[in-house]
2 protein chains.
Amino acid sequence: MPAPDPARRSERSRLAVLRATRELVTEVGYAGLSIEAIAARAGVGKQTIYRWWRSKGAVVFDAILALSEGSEGAVTLPDTGDIEADLKVVLRATVAEFADPAFEAPIRALNLEIASDPELAAEYRKRLAAPVDEAKKARLRSAQQAGQIRADADLDLALELLYAPLYQRWLLRSAPLTPEYADALVEHVLRALRP
Amino acid sequence: MPAPDPARRSERSRLAVLRATRELVTEVGYAGLSIEAIAARAGVGKQTIYRWWRSKGAVVFDAILALSEGSEGAVTLPDTGDIEADLKVVLRATVAEFADPAFEAPIRALNLEIASDPELAAEYRKRLAAPVDEAKKARLRSAQQAGQIRADADLDLALELLYAPLYQRWLLRSAPLTPEYADALVEHVLRALRP
């Protein structure tokens, strides 16, 4: 009979805390979220949470990161050879994610934290945004090699033109996010980037 | 000798509260801001504030609106006949505003409130964003008439392409905001909009 495995039990607790955090932030929002409620939902003591995370923001941050952990190192964009079709697939998927309450509530909470905490913003860029942006730029580079995007295009600016309008609409709820909007965005931005 | 004027005294108190709110949000941030501190700084009672505003968010909101009150009804963009030059002037000015702590701290606090409160977001759109967007679109329309922008361009999307990348950089502090960045943004977006 194997000895009890503290590392495995600890990992189970960690995952339970992250899951409880995502559920609660969806149900009660970031402002209504408390370490007490997370501990109760996860079935761990408050001290367990404080041992691993320095703040509520830090727990929410890791809870979001864990959402994409399965795909870690494997972020790639579709490459059918047609940059316009591929970007439309990707931006339509982003629109659908933002329409999903289970996804959008924790992401909104994370964005509010990042916007008010420069240190967290830097960590977010390094751990989450930079690798994803790299994957997106790799797809734009392959479009450059195929002559579909200008060789001297600024790919960082290209990414911002593609994603920032969608992000702003979502964050400020300024207008509806639809698949047609995703398509129009891709068409406009590609017009700016074509040779 | 004129009788004391309660309306004038009341307006003085209101302006003092709004000024105190802007100062404090700049000094201590939105999270650190309290109605008590605003009342003390403005030299009014807490009850005076609660009589006029339903929440801290509502006071901050009006404090920001008051910033642009002097120019109300007079929002117009420069029109020299050269849309590229005019947009560069406007976007460089926006970059400079975001670099000014006295301006950026209350605007950041307001944006966090809007992002977490759909009702406030709707009020913000109606009272502040919509009139300003109308003024910006009027300038784009005059560029359309001058043949510098396609007649069938989607002007709402055009505004988002111009402003959202800048907004996102500022909000998430993801990269530096410079005059050169403002210029590059205008050049890229106009390439997407030209006939």
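Refer to the structure above for everything that follows.
A brief look at the structure comes next. Note that the coordinates shown come from a computational prediction; the quantities given were computed from them, not determined experimentally.

### Some details on empty space enclosed by the protein
Vacant regions in the atomic arrangement are exposed by a probe of water-molecule size rolled over the atoms.
All names here are of chain A.
Turning to step 1, where the next piece is worked out: This model, assessed by the stated rule, comprises 1 cavity of 30 Å³ or more.
Turning to step 2, where the next piece is worked out: By volume, the largest cavity is sized at about 30 Å³.
Turning to step 3, where the next piece is worked out: Leu 77, Leu 87, Lys 136, Arg 139, Leu 140, Leu 159, Leu 162 and Tyr 163 together form the lining of the largest cavity.
Turning to step 4, where the next piece is worked out: Only helix H7 (118–145) and helix H8 (155–172) provide two or more residues apiece to the lining of the largest cavity.

### Section: unusual backbone geometry
Residue and element names in this part refer to chain A.
Turning to step 1, where the next piece is worked out: With a phi angle near 50 degrees, Arg 173 is a residue other than glycine that sits in the positive phi range.
Turning to step 2, where the next piece is worked out: Mapped onto the elements of the fold, Arg 173 is located in the loop between H8 and helix H9 (179–193).
Turning to step 3, where the next piece is worked out: Residue Arg 173 is classed as partly exposed on the basis of its relative accessible area, which comes to 30%.

### A short note on the interface of chain A and chain B
Turning to step 1, where the next piece is worked out: Contact with chain A, which involves 33 residues of that partner, is made by 33 residues of chain B.
Turning to step 2, where the next piece is worked out: Of the roughly 3000 Å² buried where chain A meets chain B, counting both sides, 64% is carbon and sulfur surface.
Turning to step 3, where the next piece is worked out: Per-residue buried area on chain A facing chain B is highest for Glu 160, Leu 172 and His 188 of chain A; these three make up 19% of the total on that side.
Turning to step 4, where the next piece is worked out: Seen at the junction of chain A and chain B, the total is 2 salt bridges.
Turning to step 5, where the next piece is worked out: Note that Glu 160 of chain A and Arg 169 of chain B form a salt bridge whose closest N and O atoms lie 2.7 Å from each other.
Turning to step 6, where the next piece is worked out: Summed over the shared surface of chain A and chain B, the result is 12 residue pairs in polar contact (both at pLDDT 80 or more).
Turning to step 7, where the next piece is worked out: Looking at the side of chain A that touches chain B, the elements that each hand over two or more residues are helix H6 (101–116), H7, H8 and H9 of chain A.
Turning to step 8, where the next piece is worked out: Per-class residue counts for the side of chain A that touches chain B are 19 nonpolar, 5 polar and 9 charged.

### Focus: the packing of aromatic side chains
What characterises a pair of aromatic rings is the spacing of the ring centres plus the angle enclosed by the ring planes.
Turning to step 1, where the next piece is worked out: Summed over all chains, the structure comprises 7 aromatic pairs over all chains.
Turning to step 2, where the next piece is worked out: Arranged with centres 5.8 Å apart and planes meeting at 90 degrees, the rings of Trp 52 of chain B and Trp 53 of chain B form a pair that is edge-to-face.
Turning to step 3, where the next piece is worked out: Trp 52 of chain B gets classed as partly exposed once you look at its relative accessible area, which sits at 33%.
Turning to step 4, where the next piece is worked out: Arranged with centres 6.0 Å apart and planes meeting at 50 degrees, the rings of Tyr 167 of chain B and Trp 170 of chain B form a pair that is tilted. With a gap of 3 residues between them, Tyr 167 of chain B and Trp 170 of chain B both fall in helix H8 (residues 155–172), about one helical turn apart. Taken individually, Tyr 167 of chain B and Trp 170 of chain B each receive the classification buried, so the pair is uniform in this respect.
Turning to step 5, where the next piece is worked out: In this structure an aromatic cluster arises from ring pairing among Phe 98, Tyr 167 and Trp 170 of chain A.

### Comments concerning the relation of the copies chain A and chain B
Mapping between the two chain copies consists of a rotation about an axis together with a translation along that axis.
Turning to step 1, where the next piece is worked out: Under the fitted operation, chain A is carried onto chain B by 0.0 Å of movement along the axis and a turn of 180 degrees, and the coordinates agree to an RMSD of 0.1 Å. Given the turn and translation reported, the copies of this chain are related as if by a two-fold rotation axis. It is Ala 192 of chain A whose C-alpha, among those of chain A, lies nearest the rotation axis, at 2.1 Å.
Turning to step 2, where the next piece is worked out: When you check the interface residues of chain A against chain B, 100% turn up at the interface there too, and the contact is symmetric in its surfaces.

### What to know about helix H4 (residues 56–67) of chain B
Side chains of residues three or four places apart in an α-helix project in the same direction, reflecting 3.6 residues per turn.
Residues and elements named next belong to chain B.
Turning to step 1, where the next piece is worked out: Here H4 spans 17 Å end to end across 12 residues, near enough to the 16 Å set by a 1.5 Å rise per residue.
Turning to step 2, where the next piece is worked out: Among the 12 residues of H4, 10 are classified as buried, and the element is accordingly described as predominantly covered.
Turning to step 3, where the next piece is worked out: Looking only at H4, the buried set comprises Gly 57, Ala 58, Val 59, Val 60, Phe 61, Asp 62, Ala 63, Ile 64, Leu 65 and Ala 66.
Turning to step 4, where the next piece is worked out: Buried residues along H4 sit against helix H1 (6–32), helix H2 (35–42), helix H3 (46–52), helix H6 (101–116) and helix H7 (118–145).

### Quick word on H7 of chain A
Turning to step 1, where the next piece is worked out: The sharpest bend along H7 of chain A reaches about 45 degrees and sits at Arg 125 of chain A.
Turning to step 2, where the next piece is worked out: Taken together, the buried positions of H7 of chain A are occupied by Leu 120, Ala 121, Tyr 124, Leu 128, Ala 129, Ala 135, Lys 136, Lys 137, Arg 139, Leu 140, Ala 143 and Gln 144 of chain A.
Turning to step 3, where the next piece is worked out: Packing partners of the buried residues in H7 of chain A comprise helix H4 (56–67), helix H5 (83–99), H6 and H8 of chain A together with H8 of chain B.
Turning to step 4, where the next piece is worked out: In this structure Asp 117 of chain A caps H7 of chain A, since a side-chain oxygen of it lies 3.0 Å from the backbone nitrogen of Glu 119 of chain A.

### Focus: the environment of Trp 53 of chain B
Residues and elements named next belong to chain B.
Turning to step 1, where the next piece is worked out: Considering the arrangement of structural elements, one finds Trp 53 in the loop between H3 and H4.
Turning to step 2, where the next piece is worked out: Apart from the residues within four sequence positions on either side, Trp 53 is in contact with Arg 14, Val 17, Leu 18, Ala 58, Val 59 and Asp 62.
Turning to step 3, where the next piece is worked out: At 2.7 Å, the side chain of Trp 53 forms a polar contact with the side chain of Asp 62.

### A closer look at the packing of H8 of chain A against H9 of chain A
Residue and element names in this part refer to chain A.
Turning to step 1, where the next piece is worked out: In contact at an axis separation of 9 Å, H8 and H9 are set at 155 degrees when each is read in the N-to-C sense. Taken as axis vectors, H8 and H9 run roughly antiparallel relative to one another. Along this stretch, H8 crosses H9, giving a crossing that reads as right-handed. Each of Ala 158, Leu 161, Leu 162, Pro 165, Leu 166 and Arg 169 in H8 lies in contact with H9, whose residues at this interface are Tyr 181, Leu 185, Val 186, Val 189 and Leu 193.
Turning to step 2, where the next piece is worked out: Counted by class, the contact of H8 with H9 contains 10 nonpolar, no polar and 1 charged residues.

### Overview of the side chain of Thr 94 of chain B
Turning to step 1, where the next piece is worked out: Following the sequence through the fold, Thr 94 of chain B ends up in helix H5 (residues 83–99).
Turning to step 2, where the next piece is worked out: Residue Thr 94 of chain B is classed as buried on the basis of its relative accessible area, which comes to 14%.

What counts and how
- Residues numbered from 1 in each chain as written.
- Chains lettered and ligands numbered in written order.
- Predicted model: local features only at pLDDT ≥ 70, side-chain atom pairs only at ≥ 80, totals over all residues.
- Heavy atoms only, no water.
- 1 Å grid on protein atoms, 1.4 Å probe; cavity = no way out; pocket = protein on both sides within 12 Å on 5 of 7 lines; lining within 4 Å.
- Points joined across faces, edges and corners; volume = space filled by probe spheres on them.
- Helix = DSSP H or I, 4+ residues; strand = E, 2+ residues; numbered from the N terminus.
- Buried < 20%, exposed > 50% of the residue type's maximum accessible area, 1.4 Å probe, protein only.
- Contact = heavy atoms within 4.5 Å.
- Buried area = accessible area lost by both parts, 1.4 Å probe.
- Salt bridge = Lys/Arg side-chain N within 4 Å of Asp/Glu carboxyl O.
- Polar contact = N/O pair within 3.5 Å; in protein donor to acceptor, adjacent residues only side chain to side chain.
- Nonpolar A, V, L, I, M, F, W, Y, C, P; charged D, E, K, R; others polar.
- Phe/Tyr/Trp six-rings, centres within 6.5 Å; stacked < 30°, edge-to-face > 60°.
- Least-squares fit on C-alpha atoms with pLDDT ≥ 70 in both.
- Expected span 1.5 Å × (residues − 1).
- Bend = angle between axes of the 7 residues up to and from the residue.
- Axes fitted to C-alpha atoms, helices over the stretch in contact; angles between N-to-C directions.
- Parallel < 35°, antiparallel > 145°, perpendicular 65-115°, else oblique.
- Left-handed = near helix turned anticlockwise from the far one by under 90°.

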